[in-house]
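Read off the chains here:
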Amino acid sequence: MTKKLTYSILAVALVAVVVVAVFFIAETPSKSRFIAIGTGGPTGVYFVVGNAVCRMVHKEAAEGRSSGRKHGIRCSAPSTGGSTYNIGQIAEGELDFGVAQSDWQYHAYNGTAPEKVTDFKKLRSVFSVHPEPYQIIVGTDSGIESWGDLKGKRFNIGNPGSGQRGTTEVLMDAYGTKASDFAIATELTSTEQSKALCDGKIDAYGYTVGVPNAGVSMATDGCGAKIINLKGDIEKRLVESRSYYAFATIPRGTYKTTDSDVTTFGVMATFVTSADVSEDVVYEVTRAVFENLDDFRALHPAFANLDPKNMIRNALSAPIHPGAAKYYKEKGWM
Ligand code: GLU
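Before going into details, it helps to say that this report is about the structure given with it. Because the structure is a prediction, the values reported are computed rather than measured.

Description of the site of the ligand
In the vicinity of the ligand, the residues found are Gly 44, Val 45, Tyr 46, Gly 82, Ser 83, Gln 101, Glu 132, Ser 162, Gly 163, Gln 164, Thr 208 and Val 209. In this structure, an oxygen atom belonging to the ligand sits 2.8 Å away from a main-chain N or O atom of Tyr 46. Within the complex, the protein chains bury 98% of what would otherwise be the 300 Å² of accessible surface of the ligand.

Set out below in structure tokens:
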């Protein structure tokens with residue numbers, strides 16, 4: 001009798017194990033999807049944007065496992081060369097999402113700067129993030145106070161693939177400056193440039209980036225570098241003639257050497273994807289970010305003022321992806 005009971009319990013347990021195993025084998029692989037988000041250098045703000053998005057996606061996944069609202073998306077946000085690299089890789093299908101400057105989003109979608117960024121009509125916007133002033137950071141003893149003073153100096157124009165490389169070239173064109181006007185025009189990445197400045201290997205670098213950030217503070221707080229004003233006639237003309245530029249202020253006290261407000265022109269960081277990425281993936285990613293916006297804001301000081309109304313309206317020249325639009329309509333924002 002006891003033996004019989006033991007056998008029955010064993011049989012029931014075995015069936016249960018098989019059922020559970022079959023359920024997992026059938027469910028898990030088909031439900032998990034991997035997405036990759038292109039960012040920028042590890043000391044910049046894009047890297048934080050991409051990883052903050054992944055964090056919210058994984059948070060929703062964890063909560064969904066207990067509430068039954070599963071999305072099965074796994075996310076990674078590796079460091080990359082920056083804006084134009086990200087757009088190019090999204091066009092290739094190598095990345096699903098990316099962070100990109102609003103000027104390069106505009107040019108990629110409209111096909112207006114094919115030599116600088118991939119011409120990509122299927123580019124879609126998801127939301128805009130933080131403002132990114134274009135900054136020229138100069139060594140403490142460099143004597144550089146304006147664009148004109150860069151002549152004959154060692155200037156880092158940035159790595160190909162970065163947004164700042166393109167924006168630096170726009171400024172060079174506007175001023176009629178050639179690379180040969182600099183003593184050298186280096187192509188260091190955003191991660192290398194502050195160390196090079198502090199080590200005396202370059203005199204200045206140009207960087208389009210959110211405020212404040214670790215990379216710039218390495219140079220300002222670390223070795224007394226300063227950010228110069230860029231608010232003359234040339235910059236005024238750029239801002240007046242191009243919808244994606246606006247003047248921006250880096251407030252006094254932002255860094256140790258910012259002893260007065262700095263005015264320069266800049267763009268917005270935007271989160272983009274491709275029309276080929278499925279509606280449900282974009283919907284889930286968008287939802288994860290906006291349902292957890294307070295947590296998202298807390299991850300970087302440059303995100304402090306993020307407001308959904310501006311994020312879905314400002315600086316988006318490519319059409320909003322239908323997956324994102326679906327969420328915005330559900331919220332009554334569109
Ligand atoms: N704006 C830069 C770029 O497009 C990246 C800035 C950052 O990493 O935060 O390459």
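Considering the environment of Gly 222
Counting through the fold element by element, Gly 222 comes out in helix H7 (residues 214-223). For Gly 222, a relative accessible area of 56% corresponds to the exposed category. As for Gly 222 and Lys 326, which are separated by 104 residues in sequence, their C-alpha atoms are 46 Å apart.

Let's talk about the pairing of strand S10 (residues 262-274)
Here S10 lies mainly inside the structure; 11 of its 13 residues are buried. In terms of strand pairing, strand S3 (residues 97-101) meets S10 through 5 bridges, oriented antiparallel. Within S10, the position partnered with Val 99 by the bridge is Phe 271. The sheet contact formed by strand S4 (residues 123-138) and S10 spans 8 bridges and is antiparallel. Within S10, the position partnered with Leu 123 by the bridge is Ser 274.

Let's talk about the pattern of salt bridges
Two side chains with opposite charge may pair up if their charged atoms get near one another. In total, this model carries 15 salt bridges according to the counting rule given. A salt bridge links Arg 33 to Asp 280, with the nearest nitrogen and oxygen atoms 2.7 Å apart. Of this pair, Arg 33 sits in strand S1 (residues 33-38) while Asp 280 sits in helix H9 (residues 279-291), placing them 247 residues apart in sequence. Exposure remark for Asp 280: the relative accessible area of 41% places this residue in the partly exposed category. Residue Lys 116 is joined to Glu 169 by a salt bridge in which the shortest nitrogen-to-oxygen separation is 3.9 Å. Taken together, the residues span a long stretch of sequence, with Lys 116 in the loop between helix H4 (102-110) and S4 and Glu 169 in helix H5 (residues 163-175) at a distance of 53 residues. Given the relative accessible area of 24%, Glu 169 is considered partly exposed. Shared partners join several salt bridges into a network, and the residues in it are Glu 115, Lys 116, Arg 165, Glu 169 and Glu 187.

Some points on the layout of surface pockets
The calculated volume of the largest pocket comes to roughly 340 Å³. Lining the largest pocket are 19 residues, with Val 129, His 130, Pro 131, Ala 302 and Asn 305 positioned closest to its centre. Those elements that provide at least two residues to the lining of the largest pocket are S4, strand S9 (246-250) and helix H11 (308-311). If you tally residues by element for the lining of the largest pocket, the top one is S4, at 5 residues.

Quick word on the side chain of Glu 60
With respect to the element layout, Glu 60 can be found in helix H2 (residues 46-67). Exposure remark for Glu 60: the relative accessible area of 10% places this residue in the buried category. With near-sequence residues (within four places) excluded, Glu 60 lies in contact with His 71, Arg 287, Ala 288, Glu 291 and Asn 292.

As for H5
Here H5 is 13 residues long and its end C-alpha atoms lie 19 Å apart, about the 18 Å a rise of 1.5 Å per residue gives. Those residues of H5 not exposed but buried are Gly 163, Gln 164, Arg 165, Gly 166, Thr 167, Thr 168, Val 170, Leu 171 and Met 172. Just beyond H5, the residue with positive phi is Gly 176, at close to 70°.

Observations regarding the nonpolar core
Membership of the largest hydrophobic core comes to 52 residues, with the highest contact counts inside it found for Val 53, Phe 97, Phe 127, Ile 137, Phe 271, Phe 290 and Phe 296. In this structure, Phe 290 is in contact with Phe 127, Pro 308, Met 311, Ile 312, Tyr 327, Tyr 328 and Trp 333, ignoring residues within four places of it in sequence. Within the second largest apolar cluster, 35 residues are counted, among which are Tyr 134, Trp 147, Ile 228 and Tyr 244.

Observations concerning H9
Relative to the 18 Å expected for 13 residues at 1.5 Å per residue, H9 spans 18 Å between its end C-alpha atoms, a close match to the ideal helical length. The buried fraction of H9 is high, at 10 of 13 residues.

Concerning the state of the cysteines
In this structure the tally under the stated criterion is 2 disulfides. Residue pairing for Cys 198: its cysteine sulfur links by disulfide to Cys 223, the two sulfurs lying 2.1 Å apart. Between Cys 198 and Cys 223, the S-S torsion sits near -80°, and that sign places the bridge as left-handed. On the criterion of sequence distance, the pair formed by Cys 198 in helix H6 (residues 190-198) and Cys 223 in helix H7 is long-range, its members being 25 residues apart. When the bonded cysteines of the chain are counted from the start of the sequence, the pairing works out to 1-2, 3-4.

Regarding the packing of helix H3 (residues 83-92) against H4
In the contact formed by H3 and H4, the axes pass within 10 Å of each other and the chain directions differ by 35°. Where H3 crosses over H4, the handedness of that crossing is right-handed. Here H3 contributes Ser 83, Thr 84 and Ile 87 to the contact with H4, which in turn contributes Trp 104, Gln 105 and Ala 108. Among the residues making up the contact of H3 with H4, the classes are represented as 3 nonpolar, 3 polar and no charged.

Conventions used here
Residues numbered from 1 in each chain as written. Predicted model: local features only at pLDDT ≥ 70, side-chain atom pairs only at ≥ 80, totals over all residues. Heavy atoms only, no water. Near = heavy atom within 4 Å. Polar contact = N/O pair within 3.5 Å; in protein donor to acceptor, adjacent residues only side chain to side chain. Areas by Shrake-Rupley, 256 points an atom, 1.4 Å probe, with all protein chains shown as cover. Helix = DSSP H or I, 4+ residues; strand = E, 2+ residues; numbered from the N terminus. Buried < 20%, exposed > 50% of the residue type's maximum accessible area, 1.4 Å probe, protein only. Pairing = 2+ DSSP bridges. Salt bridge = Lys/Arg side-chain N within 4 Å of Asp/Glu carboxyl O. 1 Å grid on protein atoms, 1.4 Å probe; cavity = no way out; pocket = protein on both sides within 12 Å on 5 of 7 lines; lining within 4 Å. Points joined across faces, edges and corners; volume = space filled by probe spheres on them. Contact = heavy atoms within 4.5 Å. Expected span 1.5 Å × (residues − 1). Core = buried A, V, L, I, M, F, W, Y, C linked by side-chain atoms within 4.5 Å. Disulfide = S-S within 2.5 Å. Axes fitted to C-alpha atoms, helices over the stretch in contact; angles between N-to-C directions. Left-handed = near helix turned anticlockwise from the far one by under 90°. Nonpolar A, V, L, I, M, F, W, Y, C, P; charged D, E, K, R; others polar.

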